[in-house]
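# Structure assessment
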Amino acid sequence: MPVEVGAHAPDFVLKDQNNQEVRLSDFRGRRAFLLVFYPLAFTGTCQGELCQVRDNLADFVNDDVQLLTVSVDSAYAHKVWADREGYEFPLLADFWPHGAVAQAYGVFNGDRGFANRGTFLIDRDGVVRFAEEISPVESRDQNGWRKALASL
């Protein structure tokens, strides 16, 4: 079960595609953030979703909001994928311990070994304001994210 709206978001430290550590708590008090879990890099639906994000990045990243994406792939796989697709936002590696952050957010699919599609909007105080989880084979409606962001 995903972290519920109104709960405090679990903190974490993960490496991005440039092998730099990103700590969730570093954003607290400064920016809200949209946390987007996806199953695997280099897969059709995941690539489609992240290309939509890339093409509409100003909808999800500004002075008030940071976008963070997470999968169980390694930082090295993320680097290749980000360079190939022109992703200029953090792709975080929940590689080891395998899926630990996805588990903390309640979106890890233990049968498949990767995250379901989970999305969380977390305000500046670290409180979850929007949460969704859908299966790995479905694609998310990013208009829901836009509505959630507009409500902050």
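This write-up is about the structure you can find in this document.

What follows deals with the overall build of the chain. The helix and strand tally for the chain stands at four helices and nine strands. Its helices and strands taken in sequence order, the chain reads β-β-β-α-β-α-β-α-β-β-β-β-α from the N to the C terminus. For a compact globule of 152 residues, the expected C-alpha radius of gyration is about 15 Å, and the chain comes in at 14 Å, within 12% of that figure. When the backbone C-alpha atoms are referred to their principal axes, the chain occupies close to 35 × 30 × 30 Å. In the chain, which comprises 152 residues, the proportion classed as buried is 50%. Long-range pairs, those at least 24 residues apart, make up 65% of the contacts in the chain with a sequence separation of at least 6. When the accessible surface of the chain is split by element, carbon and sulfur atoms take 48% of a total near 7,100 Å². One finds the centroid of the 15 positive side-chain charges in the chain at a distance of 2 Å from the centroid of its 22 negative side-chain charges.

Rules of the game
- Residues numbered from 1 in each chain as written.
- Predicted model: local features only at pLDDT ≥ 70, side-chain atom pairs only at ≥ 80, totals over all residues.
- Heavy atoms only, no water.
- Helix = DSSP H or I, 4+ residues; strand = E, 2+ residues; numbered from the N terminus.
- Rg over C-alpha atoms; globule rule 2.2 N^0.38 Å.
- Buried < 20%, exposed > 50% of the residue type's maximum accessible area, 1.4 Å probe, protein only.
- Contact = heavy atoms within 4.5 Å.
- Areas by Shrake-Rupley, 256 points an atom, 1.4 Å probe, with all protein chains shown as cover.
- Lys, Arg positive; Asp, Glu negative; His and termini not counted.
- Charge placed at Lys NZ, Arg CZ, Asp CG, Glu CD.

Keep in mind these numbers describe shape, not what the thing actually does.
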